[in-house]
Each structure stands twice: as C-alpha cells, then as structure tokens.
Amino acid sequence: MENSGDGQQQQQQDLAERAYLVQVNGYDSLATPKDLNLPRPLSISDFAPAPMHGSTLRVAYQGVPGAYSEAAACKAYPECEPVPCEQFEAAFQAVELWLADRAVLPVENSLGGSIHRNYDLLLRHRLHIVGEVQLPVHHCLLAMPGVSKADLRRVISHPQALAQCEHTLTRLGLSVAREAVDDTAGAAQFIAENNLRDTAAIASNRAAEIYGMNILANGIQDDAGNVTRFVMLAREPIIPRVDRPFKTSIVFAKEEATGSLFKVLSAFAFRDINLTKIESRPQRKKPLRIVDDNNSGKSQYFEYLFYIDFEASMADKRAQNALAELQEFTSFLRVLGSYPMDVTPLVGSPPL
Ligand SMILES: O=C(O)C(=O)C[C@]1(C(=O)O)C=C[C@@H](O)C=C1
C-alpha cells in the first residue's frame, strides 16, 4: 500500500503544497510543520470515537490497581489499558478531555442497591452510556503478614464494600471501628504503605497480591451472589442495533399533571417493553414545590428526576414511539444511552 503509485503521487502533491505554503509564508526553504515547530493541524482521525492512543483503548476508573472498577473495565474491554483516577469526577473528565477513551462507573449492587451519587454524575456530565457489565464481587479481609483477627482494631474500605460485608464482619467477631475510604484497593494500599498492624481492608484477592497482604477471610460478602453493575461511558453514543439484546437508559422530569408518572410507565407497558429499573432522585436545582391546598393552605412536595432502564434498543420502533409519547408527559427527557445488555452468565465466574 505504502509504495503504490497512487501513494507516491499523493506524497509528491503534499510536498508541493507544503513548499507552496512555505513560500507564501515568506520562508525560503522547504520546511515541514515539525521543523518550524508549528502546531499539527487537526485531521479527521482526531475526531474518531476511539481509541486515541494507538490501538489500545484507555479506560478510566475510580481507584487504584486491584479495585473492582478496574476488573469491570477489563471484563468489558479485555485488551484495554485501565487508567486509575482519584475520583469518579476525574474519570469523567479524563474522557471529556480525551485523556481516556472510556470511563467505567458502578451504578448498582445486588445487596446495596443504587449508587445514587453516580446517577447524579451521569446527569451533570454529557457522556453517553455505551455498555454495561455485571461483575460478581467476592470480598476478602486483608491484613499485613503476621497480623491475626485478634490484632484488629479497625476495618477500612469503600462504603459500598463495608455495607456489603456488614453482617459477616460481626459474625467473624469483628465488632471494631469501620471506616470509609475512596476505594477497596486504596484501603489495602494504605495499610501496606503504612505497615498498619491493627487495621484490615475489605478488598479483592488481586489487591492482596498487588500490595503483598494476607487474606484473613475469603468471601466475606453477606450474600454469595453479590454482583455490581457497571456502565461504560464514552464521548459519543454507539449506533443502536436490533440484532442482539439492547438496553436503553433515560432520565426525565415528569409534568406536574396528576397521573403523569402512570402515563409514562404505561407508554412502555402498552408496547410490551420491559422496564428493568426505575430510580428517583431529588432535583437539586428545585428540590421543593409549594402548592396551594384547598383544605389546609400550602403543602410542600419534593421534585424528582426519574431514571429508567428498559429492555429495547433505540433502533426499535417500539422504543422510538414510547419516547415520542413520553414527551407529552415530561418536562425534561434525556437518553443516557442505548447499549448491548450484558447477558454473560454470572454463575461460575472466578472470584475477584
Ligand atoms: O472500591 C472499589 O474497588 C470499586 O470499584 C467501587 C465499588 C463501588 O463503588 O460499588 C465497586 C464494586 C463493589 O461494589 C465495591 C466498591
């Protein structure tokens, strides 16, 4: 390809054009933009959805190596380069600023329910959901080598992990202080770096390997089938398809009229579209509504945003019609993404 006649002709033409540009700019020798230290002009490939960094997809996640979010990134994109970030906000920004191609975000857990803060983040940013991953989460109790359960005065971890192991910790006789930190693997790293001999971390067995810690107890989540669902985010939406199971996530504010939520839900029910999730969050900008009440003066209501996941692709006519109908009963509606469902069986997945 490189030495084809067409290629050579193109190269000569490029050189001639560059020589011309150099002349009109007042330079007397043939120079390339690199020689002149000029900024490289943007080309169409700079706007390609991904990947930006050679052929490796860079996936931003919150935490340090060994975090479950890193495992979720690798499950979704086995060849990716995971990019650790201090906060979720930083993971979003890494994608927005083209430092990463995707971000991975935990949104719900089979024991703890929805991760509300992350729903709020989805709305605050303009990224699109392009995939989902369900990850079996198998927690371990990690401590420095030589430390036993009797030495422990404190257990630290991500708040979700602490909540997922609450009863098991008590059953293990660990009625010690529990402290929340940014991520599970970060807890292990902190203990290892400071050689803390009275503190244990709840984290993955991969974190134990990375930070040279012992596993005092394995599988300490309160439910053996503990699963966290993550969504993958990108700058551009993917093109929805109908040849495989798709899910669509939306967020809306309903009209104030009586029965509008019922009407929204029936737009899906009448078209046989299954809803897999509905979540409400108070609207930050106008949390309260004050209305006249004929009987007792004024009443106050919270105002909500509703998040819905439904089992249909935006390429499916039924979904398009349902959303067209929804616009009648909503004051705000945004499609967060239409993406392939994670249908991989969870049973038998290796512990993380
Ligand atoms: O701290 C981590 O390792 C994470 O990836 C975060 C997180 C979460 O936010 O839910 C992910 C999976 C588990 O549910 C526990 C913690």
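No experiment lies behind these values; they were computed from the predicted model shown.

Draft legend 1. Broad picture of the site of the ligand. Every residue near the ligand is listed here: Ala67, Tyr68, Ser69, Pro106, Ile115, His158, Gln160, Gln164, Asp183, Thr184, Thr228 and Phe230. At a separation of 2.6 Å, an oxygen atom of the ligand approaches a polar side-chain atom of Ser69. At a separation of 2.8 Å, an oxygen atom of the ligand approaches a polar side-chain atom of Thr228. Compared with its free state, where it exposes 360 Å², the ligand has 100% of that area covered by protein. Of the pockets mapped on this structure, the ligand occupies the largest cavity. Counting only elements with at least two residues in the shell around the ligand, the list comes to helix 2 (68-76), helix 5 (159-164) and strand 11 (227-234). Broken down by class, the residue content of the shell around the ligand amounts to five nonpolar, six polar and one charged. A domain split of the shell around the ligand shows at least three residues from each of domain 1 (58-133) and domain 2 (140-220).

Draft legend 2. Spotlight on empty space enclosed by the protein. This structure, assessed with the given rule, holds two cavities of 30 Å³ or more. Within this model, the largest cavity holds a volume of roughly 230 Å³. Together, 19 residues line the largest cavity, and Tyr68, Ser69, Pro106, His158 and Gln160 are the ones closest to its centre. Put simply, the parts of the chain that give the lining of the largest cavity at least two residues each are helix 2, strand 3 (102-109), helix 5 and strand 11.

Draft legend 3. Here's a closer look at the confidence of the model for the protein chain. Across the protein chain, the average pLDDT comes to 85, with 79% of residues at or above 70. Predicted confidence is poor over residues 1-7, with pLDDT under 50, and the contacts of this stretch with residues over four places away or in other chains come to one contact. Low confidence marks residues 11-34, where pLDDT is under 50. Its contacts with residues over four positions away, or in another chain, come to 12 contacts. Two summary scores accompany this predicted model of the complex, namely pTM at 0.81 and ipTM at 0.96.

Draft legend 4. Molecular detail of the sheet that holds strand 7 (residues 154-157). Read across the sheet, five strands follow the order 8-7-9-6-10 without closing on themselves; strand pairing throughout is mixed. Strands at the two margins of the open sheet, each flanked by one partner only, are strand 8 (177-180) and strand 10 (214-218). Averaged over neighbouring strand pairs, the angle between their axes works out to 30° when direction is ignored. Alignment of strand 7 against strand 9 (residues 199-203), held across three bridges, turns out to be parallel. Bridge pairing in strand 9 places Arg154 opposite Thr199.

Draft legend 5. Inspection of the domain arrangement of the protein chain at higher detail. Looking at the protein chain, the domain boundaries give domain 1 (58-133), domain 2 (140-220) and domain 3 (237-340). Taken over C-alpha atoms, the centre of domain 1 sits 24 Å from the centre of domain 3. With 16 residues of domain 1 at the contact, the number on the domain 3 side is 18 residues. Carbon and sulfur atoms make up 51% of the surface buried where domain 1 meets domain 3, a total of about 1600 Å² over both sides. Summed over the three residues of domain 1 that lose the most area to domain 3, namely Tyr119, Leu123 and Ile129, the buried surface amounts to 35% of that side. Counting the contacts that link domain 1 with domain 3 gives three salt bridges. Put simply, Arg281 and Asp120 hold a salt bridge, and the shortest N to O gap is 2.6 Å. Our count for the contact surface shared by domain 1 and domain 3 stands at 11 residue pairs in polar contact (both at pLDDT 80 or more). For the side of domain 1 that touches domain 3, the element with the most residues is helix 4 (residues 116-124), which contributes six residues. Partitioned by chemical class, the residues of the side of domain 1 that touches domain 3 number six nonpolar, five polar and five charged.

Draft legend 6. Representation of the layout of surface pockets within the structure. As a volume, the largest pocket reaches approximately 360 Å³. Elements that contribute at least two residues to the lining of the largest pocket include exactly helix 4, strand 16 (304-310) and strand 17 (330-340). Of the residues forming the lining of the largest pocket, the biggest block, three residues, is contributed by helix 4. Residues that form the lining of the largest pocket fall into these classes: five nonpolar, one polar and five charged.

Conventions used here
Residues numbered from 1 in each chain as written. Predicted model: local features only at pLDDT ≥ 70, side-chain atom pairs only at ≥ 80, totals over all residues. Heavy atoms only, no water. Near = heavy atom within 4 Å. Polar contact = N/O pair within 3.5 Å; in protein donor to acceptor, adjacent residues only side chain to side chain. Areas by Shrake-Rupley, 256 points an atom, 1.4 Å probe, with all protein chains shown as cover. 1 Å grid on protein atoms, 1.4 Å probe; cavity = no way out; pocket = protein on both sides within 12 Å on 5 of 7 lines; lining within 4 Å. Sits in = over half its atoms within 2 Å of the grid points. Helix = DSSP H or I, 4+ residues; strand = E, 2+ residues; numbered from the N terminus. Nonpolar A, V, L, I, M, F, W, Y, C, P; charged D, E, K, R; others polar. Domains from an automatic or database assignment. Points joined across faces, edges and corners; volume = space filled by probe spheres on them. pLDDT = per-residue confidence, 0-100. Contact = heavy atoms within 4.5 Å. Pairing = 2+ DSSP bridges. Axes fitted to C-alpha atoms, helices over the stretch in contact; angles between N-to-C directions. Buried area = accessible area lost by both parts, 1.4 Å probe. Salt bridge = Lys/Arg side-chain N within 4 Å of Asp/Glu carboxyl O.

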